[in-house]
Amino acid sequence: MFMNMNILLKKSFCLALWGLYLLLFFDFGAQFSWAFEIKKISPNGIAVDSSENVYISDVANYRIWKISSKGVMSILAGSGLPGYANGTGTTASFLHPSELAVDSKGNVYVIDKALIRKITSGGVVSTFKSIESEVDPNKRLNNPLMGIAVDTTGNVYVMDWYEDGQIRKISPEGVMSTLPNRGNAPAGHATMFNMPFQSPIGIAVDTSGNVYVADTWNDVIRKVTTKDVVETLAGSDKLQFVREPSKGFETAKNFEFTWGIAVDSSENIYLSEIGEILKITQEGVLTTIAGQFRTSGLKNGKGSDALFHGPKSVAVDSFGNVYVVDAGNNLIRKINKLGVVTTLSASVTMNSTN
């Protein structure tokens, strides 16, 4: 009898251990699956607000993520399935979330094909503007919206590839106008400086309302002033290249494929190029702050010791830290003021908004 009792106790103990194991396994398994899913994001656009919260558009998972200043990552909006539904948090859906921008109130504006979606700080998604209704929708399939920026008064600017790239300005009330997209040529330079934008991608706006454009296929950086004067910064006499200091200053024609562009409160400009992140100071001096030109890889470090693989969108916070969508590596990289590159990490919360 005692033997049977011992066997019964042993079986009960084993069953209890097995039950505890299953409970822990499935609990950790759920956490692991969630963490694994986070690692599979496909970042496209990036923005940072005045409180140092970072926002990321995830084109593969149809979501907008938020990383708080404390390093907690959560879903701001998006169900994870493709669609055009408005709603709150995970009840909303996106079809192709790409570039995004954030205003002074914490509202996030997301390019979703020919739509501009607006997400409040509470995760409420609405359609801010449909550019598709303004032009031939059939041409929208091959001429999407590209870069997006928002100024201090709530005007939204987007790069519109319809008709070879126009800058659309949309007021907070939704009224759309078009900025000039052809440079004002100085004497003797009409061919280079007065050409229209060609497939521009990145756009940024400073605190004064000046708009900066990565005019990608022209290999130049443009500035549209508040008086609608278009300047070619890359062709000015003030811009000096020090990409290779041993060779002295280089000419502006060394731009090859600029994508992302951002501007800080001191009007320094940050650009993503092939394999590197560039900075143009107010004095017009251009330097490589991180990465290597035409070199791909994944490596943290300082300056040229770091490597990127297809850097795209960039954003800069109030401390001068630069955030980069490292698209080829499916990562977000951070460059501090000293030029040290790290890979942005975050803990994960299950909440849809944070």
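The structure presented is a predicted model; accordingly, all values stated were derived computationally and were not measured. (Residues numbered from 1 in each chain as written. Predicted model: local features only at pLDDT ≥ 70, side-chain atom pairs only at ≥ 80, totals over all residues. Heavy atoms only, no water.)

Here's the deal with the overall build of the protein
Phase 1: A count of helical and extended segments in the protein gives two helices and 28 strands.
Phase 2: In the protein, which comprises 354 residues, the proportion classed as buried is 49%.
Phase 3: Taking contacts inside the protein between residues at least 6 apart in sequence as the whole, the part at least 24 apart equals 42%.
Phase 4: As displayed, the protein offers around 17,000 Å² of accessible surface, 56% of which is attributable to carbon and sulfur atoms. (Helix = DSSP H or I, 4+ residues; strand = E, 2+ residues; numbered from the N terminus. Buried < 20%, exposed > 50% of the residue type's maximum accessible area, 1.4 Å probe, protein only. Contact = heavy atoms within 4.5 Å. Areas by Shrake-Rupley, 256 points an atom, 1.4 Å probe, with all protein chains shown as cover.)

A few points about the confidence of the model for the protein
Regions with low pLDDT carry predicted coordinates that are not meant to be interpreted in detail.
Phase 1: With 73% of its residues at a pLDDT of 70 or more, the protein shows a mean pLDDT of 80.
Phase 2: Counting interchain partners and residues more than four positions distant, the pLDDT-below-50 stretch residues 5-38 has nine contacts.
Phase 3: Segment residues 187-191: pLDDT under 50, and three contacts once partners within four positions in sequence are set aside and those in other chains are kept. (pLDDT = per-residue confidence, 0-100.)

Some words on the nonpolar core
Phase 1: Counting 15 residues, the largest nonpolar core has Ile167, Ile203 and Val211 as the members making the most contacts within it.
Phase 2: Sorting the residues of this core by element identifies β10 (145-150), β11 (156-160), β14 (203-205) and β15 (211-215) as the ones contributing at least two each. (Core = buried A, V, L, I, M, F, W, Y, C linked by side-chain atoms within 4.5 Å.)

Notes on the sheet that holds strand β1 (residues 43-48)
Phase 1: As summarised here, the arrangement of the five strands in space is β1-β2-β3-β4-β28, forming an open sheet in which the pairing is mixed. For this open sheet the edge positions go to β1 and β28 (347-348), each flanked by a neighbour on one side alone.
Phase 2: The pairing of strand β3 (residues 63-67) with strand β4 (residues 72-77) spans four bridges and is classified as antiparallel. Of the residues in β4, the one forming a bridge with Ile67 is Met73. (Pairing = 2+ DSSP bridges.)

Side note on the layout of surface pockets
Phase 1: What the largest pocket holds in volume is close to 910 Å³.
Phase 2: Together, 41 residues line the largest pocket, and Val48, Val102, Val205, Val263 and Val316 are the ones closest to its centre.
Phase 3: Of all the secondary structure elements, the ones that give two or more residues to the lining of the largest pocket are β1, β6 (97-102), β10, β14, β19 (261-263) and β24 (311-316). (1 Å grid on protein atoms, 1.4 Å probe; cavity = no way out; pocket = protein on both sides within 12 Å on 5 of 7 lines; lining within 4 Å. Points joined across faces, edges and corners; volume = space filled by probe spheres on them.)

Some remarks on the packing of aromatic side chains
Phase 1: Enumeration over the complete set of coordinates arrives at two aromatic pairs.
Phase 2: Arranged with centres 5.3 Å apart and planes meeting at 75°, the rings of Tyr109 and Phe128 form a pair that is edge-to-face. In this pair, Tyr109 sits in strand β7 (residues 108-112) while Phe128 sits in strand β9 (residues 124-130), placing the two residues 19 residues apart along the sequence. Of the two residues, Tyr109 and Phe128, both sit in the buried class.
Phase 3: With 6.1 Å between their ring centres and 45° between their planes, Phe257 and Trp259 make a pair best called tilted.
Phase 4: When the ring centre of Phe94 is taken as reference, the NZ or CZ atom of Arg117 above it lies at 4.8 Å.
Phase 5: Here the basic side chain of Arg333 rests over the ring of Phe308, its NZ or CZ set 4.9 Å away from the ring centre. (Phe/Tyr/Trp six-rings, centres within 6.5 Å; stacked < 30°, edge-to-face > 60°. Lys NZ or Arg CZ within 6 Å of the ring centre and 35° of its normal.)

Observations regarding the pairing of β9
Phase 1: In this sheet, β9 lies alongside strand β5 (residues 87-88) in antiparallel orientation, the contact comprising two bridges. The residue of β9 that forms the bridge with Thr88 is Val124.
Phase 2: Relative to β9, strand β8 (residues 115-119) is paired through five bridges, and the arrangement is antiparallel. Bridge pairing in β9 places Arg117 opposite Thr127.
Phase 3: Hairpin connection of β8 to β9: four residues between the antiparallel strands, including Gly123 at a positive phi of 90°.

Observations concerning the sheet that holds strand β12 (residues 166-170)
Phase 1: Taken together, the four strands give an open sheet; going across it, the order is β10-β11-β12-β13, and neighbouring strands pair in antiparallel fashion. Edge positions in the sheet fall to β10 and β13 (176-179), since each has one partner strand and no second. Adjacent strand axes in the sheet meet at a mean angle of 25°, parallel and antiparallel pairs treated alike.
Phase 2: Bridge analysis of β12 against β13 gives four bridges, and the strand direction is antiparallel. Across the sheet, the residue bridging to Arg168 is Thr178, located in β13. (Axes fitted to C-alpha atoms, helices over the stretch in contact; angles between N-to-C directions.)

Structural notes on the side chain of Gln166
Phase 1: Here Gln166 shows up in strand β12.
Phase 2: Non-local contacts of Gln166, meaning those with residues more than four positions away in its chain, are made with Val158, Met159, Asp160, Thr178, Leu179 and Asn181.

Observations regarding the environment of Gly87
Phase 1: Its place among the elements puts Gly87 in strand β5.
Phase 2: Along the sequence, Gly87 and Ala77 sit 10 residues apart, while their C-alpha atoms lie 8.6 Å from each other.
Phase 3: The residues touching Gly87, leaving out its near neighbours within four places in the chain, are Ala92, Gly123, Val124 and Val125.

Structural notes on unusual backbone geometry
Phase 1: Of note, the phi angle at Lys113 is positive, near 60°, even though the residue is not glycine.
Phase 2: Mapped onto the fold, Lys113 is located in the loop between β7 and β8.
Phase 3: For Asp228, which is not a glycine, the phi torsion comes out positive at approximately 65°.
Phase 4: Here Asp228 shows up in the loop between β16 (220-224) and β17 (230-232).
Phase 5: Since its relative accessible area comes to 44%, Asp228 is described here as partly exposed.

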